[in-house]
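Analysis of the macromolecular model
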Amino acid sequence: MPHQHPEDRVYTVISGVFCIGRGTRFDAKQLQAYPPEAVTVLPGGTPHFHWAKSGAYVTPGVGHRALGLDYLDPIDNPRNS
């Protein structure tokens, strides 16, 4: 579900295909696929969403300050269950 991080994130795809889209609402048309060895940088505060469209993927997300995760819609936050 759409979320954002307060810190910049660097994603390196280790395996699988990492699909990420930018925006405040999930839209499969906005997904961009990153294959293994690809690197993408997401500036802090960028609303985005991921999808394991073609199966599992491994992408360590590295931040450059304290890590955070804020869902744009509180209903999507599993911590509120």
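Let me sum up the structure you'll find in this document. (Residues numbered from 1 in each chain as written. Predicted model: local features only at pLDDT ≥ 70, side-chain atom pairs only at ≥ 80, totals over all residues. Heavy atoms only, no water.)

1. Topic: the pairing of strand β2 (residues 9–12)
For clarity, the cut-off: Remark: exposure states derive from per-residue accessible area (1.4 Å probe, protein chains only) relative to the maximum for the residue type, with buried under 20%, exposed over 50%, and partly exposed in between. Numbering of helices and strands runs from the N terminus, with a helix taken as a DSSP run of H or I at least four residues long and a strand as a DSSP run of E at least two residues long. Paired strands, in this sense, are two strands between which DSSP finds at least two bridges.
Only one face of β2 is buried, namely the one carrying R9 and Y11, since none of V10 and T12 on the opposite face is buried. In the sheet, β2 pairs with strand β5 (residues 39–42) via four bridges, with the strands oriented antiparallel. Paired with Y11 across the bridge in β5 is T40.

2. Let's talk about the nonpolar core
Stated formally: Take the buried Ala, Val, Leu, Ile, Met, Phe, Trp, Tyr and Cys residues and link them wherever side-chain atoms come within 4.5 Å; each set so joined is a nonpolar core. Note on contacts: a residue pair qualifies if any of its non-hydrogen atoms lie within 4.5 Å across the two residues.
Within the largest apolar cluster, seven residues are counted, these being Y11, V13, F18, I20, Y34, A38 and L42. Beyond its immediate chain neighbours, meaning those up to four positions away, I20 contacts Q30, L31, Q32, Y34, L42, H48, F49 and H50.

3. A short note on the pairing of strand β3 (residues 18–22)
Counting buried positions along β3 yields four of five residues, so the element is predominantly enclosed. Relative to strand β4 (residues 32–34), β3 runs antiparallel, the two sharing three bridges. Each residue of the ladder has a partner; that of F18, found in β4, is Y34. Looking at chain direction, β3 and strand β6 (residues 48–51) are connected through four bridges and run antiparallel. Across the sheet, the residue bridging to C19 is W51, located in β6.

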